[in-house]
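Tertiary structure, described
Here is how the chains run, residue by residue.
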Amino acid sequence: MPRKHLLGIADLSPFEISMILDLAESTKSISERTIKKVPTLRGRTILNLFFEPSTRTRLSFEIAQKRLSADTVNFSVSGSSVSKGETLVDTAKNLAAMRPSVIVIRHGVAGYPHRLAKLMDASVINAGDGFHEHPTQALLDLMTIRERKGQVEGLKVAIIGDIARSRVAGSNILCLSKMGAEVTVMAPRSMLPYHIKKTGVNVAANLKDAITNKDVVMALRIQRERDSVSRFPSLREYNRYYGLKMEHMQYLKDDCIIMHPGPINRGVEIDPEVADGPLSVILEQVSNGVAVRMAVLLLLLGGRNIYEVSD
Amino acid sequence: MKLVIRGGRIISPRDKIDYIGDILIEDGVFKRISQKPIELSDALEVGPGKGQTKSIKKADKVVFDATGLVVAPGFIDIHVHFREPGREDAETIETGMKAAAASGFTSVVTMPNTTPANDTEATTLFILQRATQIGLINVYPSGTITTGRSGKELAAIGEMAEAGIVAITDDGDGVMNGTIMRRALEYSSDFGIRVISHSEDKTLSAGGVMHEGFVSTKLGLPPIPPQAESVMIYRDISLSKLTDVPIHIAHVSTRESTELIRRAKREGIKVTAEAAPHHLTLTDEAVAEMDYDTSTKVNPPLRTQDDVDALIEGILDGTIDAIATDHAPHTTTDKEQDYVEAPFGIVGLESALPVCLDRLCGKAKVPLELLIEKFTLGPADAIGLKKGGMEKGAAADLTIIDPNKKVTIDASTFYSKGRNCPFNGWSLTGAPVCTVAFGQIKMIDGRII
C-alpha cells in the first residue's frame, strides 16, 4: 500500500479498506497463539501521543505494536496544558527529530493529525481527532460486521447517539457507506447535524423506526465529559428515549448484532441486559481492534511481505 | 509642491466624474480636475515601471503618467486592526500604515481591541500621535463602547470623541447587553460619532470555529450557526429604529443578514453595512481545501456560496455600502496552533484590491465604478468621514489602479507583519500602482516611497 498515513476513512478507497480487513484476518491469528509476537516491526519506534483521555484505544494500539515487536513510547496528557506555549509546528518538528517510524495521535481538535502529517516524515495514524474521524474504530467495527455477516454490501446499519460530535459516527458513516451498507442514524435533534442527509444516510424519527429490520445496531457513547451546554435534560431522560433497552429487542431481527465502541455507560445509551445479551458483539470489537491496528501498522510501514506475519 | 496626474481615467462617484483627464494637486490639496491637459513644465516624470522613485521626495514638480490607469479618490478601509498598543509583535501602527499605503488605502479606521483597549482619551491621543509621526496616510481611531470591551459599562465616549475617535465599537466581541447598546447609541449621538456593531450573539456562536454547515460536519470542527450574526443584526437595527441613531454593521457575512439590512434600509432606518473581501470571495470549503489551515479561521466565519452570492447582490443593489478588510494580523506563532486554539483573523490589506478587482469586477461583474464607490464614498458616508471625493481645496488623496496588472499574492513580502492570508499564492488581475496621500506620492508599484 503506497499510503503513508491513516488520517481518515475519507481518504481510503473500498479496495484499501478491504485490503486492511483481509490482512487483519491474518494478524488476528497472532493474538490467538500462546506466543503472541512476530518480529516484523523489530527496531521500529512508535510514539503514542494521546492529548485526550483514552484507555481502550491506547492499550489496543500498544498491544498491536508490541505483538509486532515495535518499540513503543506512550505520552498521555489530558487537556492541552502541554501544548500551551508550543505551536503545532514546533511539536511536529520536535517529534520528527526523534525519528519515529509511526506516530499514533489522538487530539481534541479536528485536523490536528492532518496538519501534523504534512510536517512529518513518519507515518501518522489518527486515533481520534475532535468531532471528526476515528478511522481504526470504523475499521474494527467493519471487521466485526464482516466476520459476523460475511459481507457488508446491502446490510442495514443503525447508528444511535451523538451524531453531531461523535468521531466514531463520522468514520463509521463514511466507511459503511463506502462498503455499500445502508446507514440510518438516530439521535435527539439537538445532537444531529442539519446537513447529515448530505452524507447519504437515512435519518430515523425514533428509536423503534431506527432499529426495526436492521442487521446491525450501533449505540454510541454519551460523552459526559464533553459538553457544557446541555443537549438533553438528563442521562435518565436520554436513557428513556434514546437508550437501547430489553423492550426494544422485539423489533430486532433475530440475527441482528449490537455494537458499541466503548466504554459503555450502562443504563444510559445501552442497558446492561442488552450489552451483555446474546446479540452483543462488543467484546469481539475489542479483540478485532488489536488485529486491525496490527494490519494498519504493517501496511503503513511499507507492507514488506505481509506473509511475514504468519511465519 | 505641484503634482499632476496625467491622462488617467478619473472615476469619482462622489463628484460624479468619469472621464479621461488630468488632476492638478498643489500644496497637498486638489486644485483642478480637467478633461483638458494640465501643463507642468520642468517636472519630474514618474509612473509605474519608470523608476525615479527616489527623486520624488525632493522634487518640487512631479507629473505622474496615468495613461491606461484608473484614478480614484483615496481608498478608505473602515475596519483594520493595527494591534498597537499591546501586540506590537503582531502589527504596529507603522507597519499597518505601510501595509495600507502599499495597497492603495489612504485612510483607515482602526479598531479599539488593542491591549489595553482604546477606551480612554489617553490611548486615543497615543494612536493619533503615532499616526501623525509616521504620516503616510490618514488614521482615524475608533474607541470602545464599553470599558475594557467588557460589555458592562460605557467607556469614556465623550472624551474619546473630543480626542479624535470617529466611531465606537467593541469589535472582536458583540455587546450582549441590549440596554448597554441602546444607551451607547443614544449617548454617542450627542458627540457626532458612529456606532459600529460587531454583531455576534456569543451564546449562539458558543465556542464554534467555523460556519455551521456540511463542511463543518465533514471536518468535525465546532460550528457557528449563521444566526449568531443575524439575530444580533436584527436587534441592532431595531435599536437604531428605537433611538433614531445611525448604526453601522461590521463584516456582514450571511444572506439572512443582508436581507435584514436591505429591509431596514427600505423602511428608512439609518443602517449602513460593510462586507470583507474574504466573505465576498471565499466559502467554508476553503477550510477543507486548505486542510485546516488556520489562515481560513476568521470571525464571522467563511460562509457558503449562497451567502457569497447574497453579499454580491448587496454590493450591487446598495445594501452593502462599503468593502472593509477587517485586516486582522496575527503572529505566525499564534496562528500555528490547532484550529480551535488559533485566533480568528485574516490579514486583509495587501490582498484586498487584487482580490476585489479580479473576483468582483472580473468574475462577478461588479462595475469598476461601483467597486470604487464601495471603497470611497460608501465607507466615508457610513462612518461620517468627510472624505472619498476630489472636491477642490480638499486634502488630495488618490488611489491609482492598473486594472490589467497581473500580480501573485505573496504574504511573505507584505509590509504588514501578518502572514495569515488565505489568498497567498493566488494569481490575480488588477492592482493598485500608486497611492497619493496629503497630495504626495506615497507608493508606486507596491513600494512605499
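Conventions adopted
- Residues numbered from 1 in each chain as written.
- Chains lettered and ligands numbered in written order.
- Predicted model: local features only at pLDDT ≥ 70, side-chain atom pairs only at ≥ 80, totals over all residues.
- Heavy atoms only, no water.
- Buried < 20%, exposed > 50% of the residue type's maximum accessible area, 1.4 Å probe, protein only.
- Helix = DSSP H or I, 4+ residues; strand = E, 2+ residues; numbered from the N terminus.
- Pairing = 2+ DSSP bridges.
- pLDDT = per-residue confidence, 0-100.
- Lys, Arg positive; Asp, Glu negative; His and termini not counted.
- Salt bridge = Lys/Arg side-chain N within 4 Å of Asp/Glu carboxyl O.
- Polar contact = N/O pair within 3.5 Å; in protein donor to acceptor, adjacent residues only side chain to side chain.
- Domains from an automatic or database assignment.
- Contact = heavy atoms within 4.5 Å.
- Buried area = accessible area lost by both parts, 1.4 Å probe.
- Axes fitted to C-alpha atoms, helices over the stretch in contact; angles between N-to-C directions.
- Nonpolar A, V, L, I, M, F, W, Y, C, P; charged D, E, K, R; others polar.

All names here are of chain A. Taking every second residue as pointing to the same face, both faces of strand β8 (residues 216-219) are buried, with V216 and M218 on one and V217 and A219 on the other. Bridge analysis of strand β5 (residues 156-160) against β8 gives 4 bridges, and the strand direction is parallel. In the sheet register, I160 faces β8, and the bridge partner there is A219. As paired strands, β8 and strand β9 (residues 257-259) are joined by 3 bridges and run parallel to one another. Opposite M218, over in β9, you have M259 as the bridge partner.

Per-residue pLDDT for chain B has a mean of 97; in total, 100% of the residues score no lower than 70. Predicted complex, confidence summary: ipTM 0.90, pTM 0.94.

A word on the side chain of K374 of chain B. Residue and element names in this part refer to chain B. Along the polypeptide, K374 turns up in helix α15 (residues 368-375). No salt bridge is formed by the buried K374. Its closest oppositely charged neighbour is E373, at 4.0 Å. Only 3.3 Å separates the side chain of K374 from the backbone oxygen of I315, close enough to count as a polar contact.

Below, the discussion takes up the domain arrangement of chain A. Residues and elements named next belong to chain A. Considered domain by domain, chain A is made up of domain 1 (9-134 + 286-308) and domain 2 (135-282). The C-alpha centroid of domain 2 is placed 25 Å from the C-alpha centroid of domain 1. Across the contact, 34 residues belong to domain 1 and 27 residues belong to domain 2. Of the roughly 2,500 Å² buried at the junction of domain 1 and domain 2 (both faces included), carbon and sulfur atoms supply 62%. Summed over the shared surface of domain 1 and domain 2, the result is 4 salt bridges. Here E25 ties to R146 by a salt bridge, and the two come within 2.9 Å at their closest N and O atoms. The interface formed by domain 1 and domain 2 includes 17 residue pairs in polar contact (both at pLDDT 80 or more). Elements supplying a minimum of two residues to the side of domain 1 that touches domain 2: α1 (14-31), α2 (56-67), β3 (102-107), β4 (123-129) and α10 (282-300).

With that settled, consider the sheet that holds β4 of chain A. Residue and element names in this part refer to chain A. Reading across from one edge, β2-β1-β3-β4 is the order of the 4 strands in this open sheet, with parallel pairing throughout. A strand with exactly one partner marks an edge of an open sheet, and here the two such strands are β2 (71-76) and β4. If you compare each strand with its neighbour and ignore which way they point, the axes differ by 15° on average. Relative to β3, strand β1 (residues 45-50) is paired through 5 bridges, and the arrangement is parallel. If you follow L47 over to β3, its bridge partner there is I103. Packed onto the sheet, α2 meets β1, β2, β3 and β4 and runs at close to 175° relative to β1. On top of the sheet, α10 reaches β1, β3 and β4; it is set at about 150° to β4, its chief contact.

Listed by partner, the interface residues are 21 residues for chain B and 23 residues for chain A. When chain B packs against chain A, the two sides together hide about 1,700 Å² of surface, and 61% of this comes from carbon and sulfur. When the buried area of chain B at its contact with chain A is split by residue, F214, Y292 and E336 of chain B rank highest and sum to 32% of it. On inspection of chain B and its partner chain A, the count reaches 1 salt bridge. The interface formed by chain B and chain A includes 5 residue pairs in polar contact (both at pLDDT 80 or more). Taken together, the residues that form the side of chain B that touches chain A break down as 8 nonpolar, 6 polar and 7 charged.

With that settled, consider the domain arrangement of chain B. All names here are of chain B. Along its sequence, chain B is organised into domain 1 (2-71 + 394-448) and domain 2 (74-383). Here domain 1 and domain 2 have C-alpha centroids that lie 27 Å from each other. On the domain 2 side, the residues contacting the 38 residues of domain 1 number 53 residues. In this assembly, domain 1 packs against domain 2 so that about 3,600 Å² is buried in total across both faces, 68% of it on carbon and sulfur atoms. Counting across the domain 1 and domain 2 interface gives 2 salt bridges. The partner of D381 in a salt bridge is R14, with the nearest N and O atoms 2.9 Å apart. Taken together, the connections running from domain 1 to domain 2 amount to 17 residue pairs in polar contact (both at pLDDT 80 or more).

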